[in-house]
Amino acid sequence: MGAKFNLGRNHYLLLGFVCGFLFSYYSPQDYTEIVTECPEVTEHTNKLNGLDGHGSEFEPQLNLEQKPMIAKKVVKNIVRPRYYYTELGIREKLFLGVLTTTENIDSLATAINRTAAHLVNKIKFFIHAESMKSNFQLKNIVGFTDTRENLRPFHMLKFLADNYLDEYDYFLLVTDTTYVNARTLRSQLEHLSVTMDVYMGRPLAGANGPEEGGPGTGGESPSSSSGSSTGTGTGTGTSGYCDLNAGIILSSGVIRKVRANLDWCVRNALGDDHSHNIGKCVKYSAKLDGCHDRWQGIAVSSYRLSSFKIYRDFHLIAKEPAFNGASTVFPVTVADDFYLLHAYFSRVHLETNNERKRQLQEEALQIAGGALPNDVLEVRWPLGVPRTSPPESRHDIIKWTTLNLTHIFMRNTEENVRRLSAVDEQDIRNVLNKTVTEATRNQPDAEYRGLHSAYKRFDAVRGMEYRLLLNFYDRKRKRMRTRSFEVIKPISLIEIVPSPYVTESTRVAILLPVLEHQVQETEQFLESYERTCMDSQDNTFLMLIFFYRADTPSKGDEDVFLPLKNIALAVTEKHKQDGSRVAWVSIRLPPELSGKFDDNHRYYSSMYGQHGRLAFAAVDLALRKIGLESLVMLCSNAATFRSDFLNRVRMNTIQGFQVFSPIGFNMYPCEWTGLCKPCENCDVGQGIGYFDRHNYDVVSFYSNDYVAVRKELESRLPIVRSDRDIVNLLGTNATGPVPPTGGPLTNIVQLFLQANTDLHVLRAIEPNLRLGSSIRNFLATDPNGERFARLSCPEPDDNRQQCIRIASKKQIGDLLVQYSKQRTESQPTRR
């Protein structure tokens, strides 16, 4: 029995192994195949498996059934207008449209353009397209291909509605025989409501009786028949149409309604009478009663020349009140009559303004002499000129500068006295003559004897101000008197100079000249350039310009610029995927400039030392490698800058318009002097450096602008086409220096200033452009100052402005006072 029982247990064990093997072999590997019809169970099973596996990898199954794939509400981005007036619906006041012909473009249309274009917001001339030609002097011409004369005004209305409907309040339509007194018309339109439909002008003859004008009746305003006015404004309505020859004024609301009914207007346009066709269209579209010569209490009148000849009867016409108050005068068939009328109405407008100005001054003086003080009324001298803005700190105070008739004193912290320029000298003499004339007119007994003292300052709010102390001899009292005067030349008109559009994405090609003794600061520049421009993928390109002396090897291990070339290759390889690279070009100096470097040249703030014209050689030879459409910035290896500085270079350098010359901030060698705290990233201040206005090493321009100016002044400054031409450029050949004509050309900024071009030269301080690394490197190798003590600033005194400063006047003064005290205390006291 026992043997049989043991044998049965073994069979059961073997059978269990076989069943388990078969079950594991035929069972599926992905259990989700069994439960795909039950997503809830599958999701629950996956969660349990994830918990049991303690973070084992699994692929989640997302249930996207009955779920929206797209959001129900699409979020729309709000695009705001670029200008405030667009969003607020602010429009210009007046658009002038003139119907003319090809024969009158160069005569009558040109006269209208010259007398009215600068007084209205926009002017356009409309002719047939088939008669247009390319040699017209006028550029604001619109031509229509449809040559049917009766449809030309509707083409004009459609053009205005499609292009200028939302930009102007009123549209004045005239023919080329109508003179427009734009000043009077604009002042009248200022008082009309822009929310109402306006159809104004001179009613056609026949609707209100005979026409006016002629020697007997002049040009009085036409009589109006009774009629109701539209809207809530008060006006005079007629049953006729407005005369296009006298001018038709339409509001933007009427133009909008006409556009919606242009098809009806075209079908019902009969004949070539533009006044009837326009009037019929306006009446049908805007449901207006007719032409109005007065609306909301404002009368827009016109004057008709019947039998008058302007050149003959102008003295009679000018006496008529209707002519002087007219907004339009017609018909004018001679171009010279337009100019005569414009000169007369301009003189009338000027006399009216002068009379109004005199009345305002009298009223202001009466108020100023009344009971209320000037502080309450804010009456300031001179009338109409704002007072100066109060300074926020002591640094914002505008100081007065002392001067006489020939010199100015303490103009800045660098100069004690300086000769006045020709313009300033003429200005002070004109101010003095005007002051003496005014003083002797008010006091005839005073005799001018001389200038005691004078002061001036420029206030950006008020203008140029002078304070004069003059010596007079009083002939009545027989004695000398000193009287004080205050003179001001106010800022009358501020003009915004238009400039082309520029972007901050332009590529900047940086040219960096390097002399043999400037390897160390160039290595520092390359390190800063890689960190500032190449790492941030700024759109720049750097070209090193190596100046070799005549006997210096330029190849192999003896190459003095070999470390810089290795760095250039390394950074180019590192950033080749970004498109940034550093290249170089080699220039061989002539033997005359290959002498040993003089340490005294380290005193120059310019990297070129006394040879400033080397900048021309660098640019002339390097531009051949760059091209004529590049934005070029000539830089200094003693400079460091931030990325914001390059953006200002891109914005301030405009092709064919402007050249940018930044004034860098020269840092003091604080590590060596110990008079200030060294700080590279600190804000600019008087204690750590100064703006070097006499350093022109950094300048940016476009290549084609430089080439054009260079060719213009080639007779004064020869172009460098090869290394051998550098001698002629610097003037070191046997023939002597190049004679200057109109001033010396020692830097590129003077080249653009003295050229006869329209290029502007912008010279401005730049806090993010830091200079001074060259002198700091030199002083780092001279801790005791032995070599520095042997240096001297070059003569004459005019060149001392080009020398560097190692500390401010205050720091040196404090040091001298401290040294004097120590020396006094160290000396024994004598009894």
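Structural data are supplied above this passage.
Residues numbered from 1 in each chain as written. Predicted model: local features only at pLDDT ≥ 70, side-chain atom pairs only at ≥ 80, totals over all residues. Heavy atoms only, no water.

For the chain, the count of helices and strands is 25 helices and 27 strands. The burial tally for the chain puts 41% of its 831 residues in the buried class. Accessible surface, the chain: about 48400 Å² in total, of which carbon and sulfur atoms supply 52%. (Helix = DSSP H or I, 4+ residues; strand = E, 2+ residues; numbered from the N terminus. Buried < 20%, exposed > 50% of the residue type's maximum accessible area, 1.4 Å probe, protein only. Areas by Shrake-Rupley, 256 points an atom, 1.4 Å probe, with all protein chains shown as cover.)

Okay, the pattern of salt bridges next. Counted according to the given criterion, the structure contains 32 salt bridges. Between Arg312 and Asp313 there is a salt bridge; the shortest N-O distance is 3.0 Å. With a relative accessible area of 46%, Arg312 lands in the partly exposed category. In this structure, Arg441 engages Glu438 in a salt bridge whose closest nitrogen and oxygen atoms are separated by 2.5 Å. With Arg441 and Glu438 both in helix α14 (residues 422-442) and three residues apart, this pair spans about one turn of that helix. Classification of Arg441 by relative accessible area gives exposed; the value is 55%. If you follow the salt bridges from partner to partner, you end up with Arg91, Lys93 and Asp169 in one network. (Salt bridge = Lys/Arg side-chain N within 4 Å of Asp/Glu carboxyl O.)

Orientation of helix α17 (residues 614-626) relative to helix α20 (residues 703-712), taken along the N-to-C sense of each, is 120 degrees, at an axis distance of 11 Å. As far as their axial angle goes, α20 and α17 are oblique. Crossing angle aside, the handedness with which α17 passes α20 is left-handed. Of the residues in α20, those touching α17 at Phe616, Val619, Asp620 and Leu623 are Ser703, Tyr706, Val707 and Arg710. Its residues assigned to classes, the contact of α17 with α20 shows five nonpolar, one polar and two charged. (Axes fitted to C-alpha atoms, helices over the stretch in contact; angles between N-to-C directions. Parallel < 35°, antiparallel > 145°, perpendicular 65-115°, else oblique. Left-handed = near helix turned anticlockwise from the far one by under 90°. Contact = heavy atoms within 4.5 Å. Nonpolar A, V, L, I, M, F, W, Y, C, P; charged D, E, K, R; others polar.)

Our next topic: the packing of aromatic side chains. Counting across every chain of the model gives 29 aromatic pairs. Residues Phe126 and Phe159 carry aromatic rings whose centres are separated by 5.7 Å and whose planes lie at 75 degrees to one another, so their mutual orientation is edge-to-face. Here the residue Phe126 occupies a position in strand β2 (residues 122-128), and Phe159 occupies one in helix α5 (residues 152-163), the gap between them amounting to 33 residues. Considered together, Phe126 and Phe159 belong to a single accessibility category, that of buried residues. On the numbers, 5.2 Å between centres and 40 degrees between planes, the contact of Phe323 with Phe345 is tilted. Placement of the pair is Phe323 in helix α11 (residues 321-324) and Phe345 in helix α12 (residues 335-368), with a sequence separation of 22 residues. With respect to burial, Phe323 and Phe345 carry one shared label: buried. Three or more aromatic residues joined by ring pairs form one cluster here, namely Phe95, Phe126, Phe144, Phe159, Tyr164, Tyr168 and Phe171. Above the face of the Tyr284 ring, Lys287 is positioned so that its terminal group lies 5.0 Å from the ring centre. (Phe/Tyr/Trp six-rings, centres within 6.5 Å; stacked < 30°, edge-to-face > 60°. Lys NZ or Arg CZ within 6 Å of the ring centre and 35° of its normal.)

For the rest of this paragraph, the subject is helix α23 (residues 773-780). Here α23 lies mainly inside the structure; six of its eight residues are buried. If you follow the buried residues of α23, they end up packed against α15 (519-534), β24 (658-667), α19 (670-673), β27 (760-771) and α24 (786-789).

Before going further, it helps to examine the state of the cysteines. Scanning the entire structure with this criterion turns up four disulfides. Each sulfur in the disulfide pair Cys242 and Cys291 lies 2.0 Å from the other. Because the torsion about its S-S bond is 100 degrees, the bridge between Cys242 and Cys291 counts as right-handed. With Cys242 in the loop between β7 (235-237) and β8 (248-251) and Cys291 in the loop between α9 (274-286) and β9 (292-295), this pair connects stretches of sequence that are 49 residues apart. In this structure Cys242 comes out as buried when scored by relative accessible area, which is 0%. Here Cys670 connects covalently by a disulfide to Cys676, the sulfurs 1.8 Å from one another. Its S-S torsion of about -95 degrees marks the bond between Cys670 and Cys676 as left-handed, since a negative value means left-handed. For Cys676, a relative accessible area of 14% gives the class buried. This cysteine, Cys533, is not joined by any disulfide, and Cys635 carries the nearest cysteine sulfur, 9.5 Å off. When its relative accessible area of 1% is taken as the criterion, Cys533 is described as buried. (Disulfide = S-S within 2.5 Å.)

For α9, with 13 residues, the first-to-last C-alpha span of 18 Å sits near the 18 Å given by 1.5 Å per residue. Taken together, the buried positions of α9 are His274, Ser275, Asn277, Ile278, Gly279, Cys281, Val282, Ser285 and Ala286. Elements in contact with the buried residues of α9: β1 (92-99), α5, β6 (199-201), β8, α7 (252-260) and α8 (262-267). Where α9 starts, the residue carrying a side-chain oxygen 3.2 Å from the main-chain nitrogen of Ser275 turns out to be Asp273. A positive phi of about 55 degrees marks Lys287, the residue just after α9. (Expected span 1.5 Å × (residues − 1). Polar contact = N/O pair within 3.5 Å; in protein donor to acceptor, adjacent residues only side chain to side chain.)

Turning our eyes to something else, we now look at the pairing of β1. When a strand is regular, its side chains alternate between the sheet's two faces. The element β1 is largely enclosed, with a buried count of seven among its eight residues. With helix α4 (residues 105-116) bridging β1 and the parallel β2, this β-α-β connection has right-handed handedness. (Right-handed = clockwise from strand over helix to strand, strands pointing away.)

This part takes up the sheet that holds strand β14 (residues 407-412). Reading across from one edge, β15-β14-β13-β16-β17-β18 is the order of the six strands in this open sheet, with antiparallel pairing throughout. Looking along the sheet, the strands with just one partner apiece sit at the ends: β15 (415-419) and β18 (479-490). Neighbour to neighbour, the strand axes of the sheet diverge by 25 degrees on average, direction disregarded. As judged from the three bridges shared by strand β13 (residues 401-403) and strand β16 (residues 446-459), these two strands associate in the antiparallel manner. Of the residues in β16, the one forming a bridge with Thr402 is Tyr455. Each of β13, β15, β16, β17 (463-474) and β18 touches α14; the most contacted strand, β17, lies at about 50 degrees to it. (Pairing = 2+ DSSP bridges.)

Further remarks concern the packing of α15 against α23. Running from N to C, α15 and α23 cross one another at 125 degrees; their axes reach a closest spacing of 9 Å. By the angle between their axes, α15 is oblique relative to α23. Two packed elements cross with a definite hand, and for α15 against α23 that hand is right-handed. Across from Gln520, Glu521 and Gln524 in α15, the residues of α23 making contact are Ser773, Ser774 and Asn777.

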